[in-house]
Every structure is written in C-alpha cells, then in structure tokens.
Amino acid sequence: MAFSATHPIQHKRLIRKLLAFGKVGYYLDDTNFAKYEEEIVGEIKEWISEEHAAVNVGKYVFDCLSDVAYRLSQDTLSEICCLFIDKHFSRWYLDMFKFMSKRINLNEMSSESAGNLIAHIISILRDKKEGEQVKYRPSFLSVLREQSKTLTEDLDKQISECLPDFYNFSYKLETTENKIEDSPIFIEKLIKQIHQNNTTQGKSGKYFGHATRNIAAITSILQSSDFNYSVNLMDKLIFTVTETLLESKEDISIKLDAVLLLCCIVIKYPQDYSRNQELYKSVANRENEIYIASDSILFSNISSLALRIGLKLLFLLIGSDVHTDMIELLPLISKDTATAIKVTSFIADYLEINENLMLERTIDTILLHNTFEWLQMDSIPD
C-alpha cells in the first residue's frame, strides 16, 4: 500500500492506490484498513469534486470498491454512487449499475442513505439522456426491489413509467411475490419468443443479437422452484428448445443454454423428461447435424467444441457412455480462452442444477484433471 503512493503524478498515484487497495484490502488488519479506507475514500470524493478531474481514474473506482465492499460501510458506498450521479458521470454508469447489483444492500444502510440513493436513481430514470444508460444494464433495479419493497415503492412506479417493457417482463419475473401463479405465465411468454427467434434467426441471411437470454431465464425459473408445471407447458418447452438445437440458426451460446435447460429437466423434472424421451433421442441421433450447423455460423467467438462438450454432458444424464469423448474433447479447448471460459461456466451451471448431482467417477476425474490444466492458462475468468 505504501509503495502504491510513490508515483509523482497525482491521478496516476490515485489509480495505483485504488488498484492496490482493491487487491490487498481484505488482508489488512483493522487499524491499517481503517487508515487506508479514510485516505482512499477521501481521495475518491476529492477527485469527484474536482472541476477538471482526470477522467481515466473513473474506471478504477467501482472495481476497487467492489473488491473491498464487505469491509466498507454501505452508507459510504451509497454516498459515492450519489456523488457520481450528482456530477453526471454517465460514462461510468454501467460500471456503477453492475456494482449496485452486486454490492449495494439497502437494508444494511441508514434509511436516510437508502432514501437518498433511491432518489438519485429516480433522477437518472427521469433524465431522458441518462435514462438510456439504464436500458443497457437494468438488472440492478430488480435487485434493489427485492431487497426492500417498502423503500423502493417510488422507484417501482418510476420504472413502470420509464421502462415499461423491462418492467412488465424481466423486472416482474424477478420481483413477483406470486411465483406459483406468475411463473407459468412468464415461461409461456418466453417460449413464444424462443420459437419466434428460432424461425427468424438467419432468415434471408440476417442475424440478430438478443437483449435477454430467454432460455437461460427459463432455466433459472425451473431451478429456483419445485412447482408442478402443466404437462402441456413442459412438453411445449422441451419441444421448443429441442427445435433451437436441431432447426434454428442461433449461435453456440444460445444452443448451450438450450442444452443446459434440457439437462435441468432431466435432473429436476424426471417425469417430464420420461414423457419426452423421444425428443431427447432425436438430439442424440442428430448430434453431428447440430455441430455442422453451428460451425457454419460465424458470428460467435466460441468454438463448437463448447457445444460438443455440453451435449456430451446431456447424453451422460440420459445413459450414454461419453467417457472416451470427454477424454478427447476437454484438452482441445486449453488454447482457446473464450471457449474455455464458456465451457467452465457451463460445467459450473450444470453442477449447480442440483447439489446432490453425482457424476460418474471416470467423468469426475477427467473434469478435475482438466480443471487443473485450465488453471494454468494465461487468461482465467474471475
């Protein structure tokens, strides 16, 4: 920490302090932490108040605060967010929204700080230009609403007015208090959108991105509840995501989402899987077609190896022997950072479907061995 303060140029010195405090803050004893917290938080506030502040400092502030957030007062974190909004530092709003979704907790700050923060967020939503920034990363609004319905009443009304599409879909999906009644409605809407994407993606050579991961959203709903959904709804869901794999021109990430959802159904809803085994078999029988179609789509930086590995894990669940395939496939991604990140993320999500999920010993050993190999890669995701 002392070494980080030796740079002669003021704004570069602050950047070094932010980097250092973020990395070693949790290891400091209480006395030294309090000392550096006062110093660095003070310098952040001073930088914000400067008339001609060095703009490149801003991108380091929320990374630093996020890394040591659990040792900082929520009132302090709220105050810094409010100061950014007061100064209209909109170029860092996306970083701030991400920070809020992960590190801000309205219930752990004073009512005054919470009210002030909510008022500042409302001011962003009411500003036509700055409100556009929220559309790119609105999930923090759902997080805040979930934390306190009472404190966020005014914010809730403002979201409904300024972001009606988000409010009536993703936001309500995350914040509904009637999950038993509302979840099937949300799933039905998502299925319709997935089917529409399946039929229009790549049509006439035109490809488009997605604002939300609809299939992943359904997987999240299914994992977070143990409701007995109607036979008709589950059959329609399985048919539609199978269509995503077999017929659509969606990219590899979307198809991996489809694979994970099918895995989730096998593990958590075995009766629905049993009823739709023929659709699962059709995926296994047309495995090579899926790979060929995915290789022909060039707008993803993720190799089809990721999809191959995901499908092998699905086939493992439905009784196939994939031991040899996994031995061959997993080492192939070690030199492809984007694909390695996607595969490790998929495996983590796969294992989290059910905490009691047990892999075959041979598969478990293969995954563990390759995990040790991936840990030696130059680029490792957080």
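Everything below is about the structure shown above.
Rules of the game
- Residues numbered from 1 in each chain as written.
- Predicted model: local features only at pLDDT ≥ 70, side-chain atom pairs only at ≥ 80, totals over all residues.
- Heavy atoms only, no water.
- Buried < 20%, exposed > 50% of the residue type's maximum accessible area, 1.4 Å probe, protein only.
- Helix = DSSP H or I, 4+ residues; strand = E, 2+ residues; numbered from the N terminus.
- Expected span 1.5 Å × (residues − 1).
- Salt bridge = Lys/Arg side-chain N within 4 Å of Asp/Glu carboxyl O.

Draft legend 1. Inspection of unusual backbone geometry at higher detail. Even without being glycine, H88 reaches a positive phi, approximately 55 degrees. Residue H88 is classed as partly exposed on the basis of its relative accessible area, which comes to 49%.

Draft legend 2. Summary view of helix 13 (residues 231-246). The terminal C-alpha atoms of helix 13 lie 22 Å apart, and with 16 residues this matches the ideal 22 Å at 1.5 Å per residue to within 8%. Of all the residues in helix 13, the buried ones are L233, M234, L237, I238, T240, V241, T242, E243, T244, L245 and L246.

Draft legend 3. Seen up close, the environment of N178. In this fold, N178 is placed in the loop between helix 10 (164-175) and helix 11 (179-200). Assessed through its relative accessible area of 44%, N178 is described here as partly exposed. Taking the C-alpha atoms as reference points, N178 and I121, separated by 57 residues in sequence, lie 26 Å from one another.

Draft legend 4. Highlighting the pattern of salt bridges. With the rule as written, the count across this model stands at 17 salt bridges. The partner of R286 in a salt bridge is E247, with the nearest N and O atoms 3.2 Å apart. A residue pair is termed long-range when its members are at least 10 positions apart, and R286 in the loop between helix 16 (277-285) and helix 17 (287-295) and E247 in the loop between helix 13 and helix 14 (252-268) qualify at 39 residues. The exposure class assigned to R286 is partly exposed, which follows from its relative accessible area of 25%. The exposure class assigned to E247 is exposed, which follows from its relative accessible area of 51%. Linked by salt bridges that have partners in common, K17, E39 and E43 make up one network.

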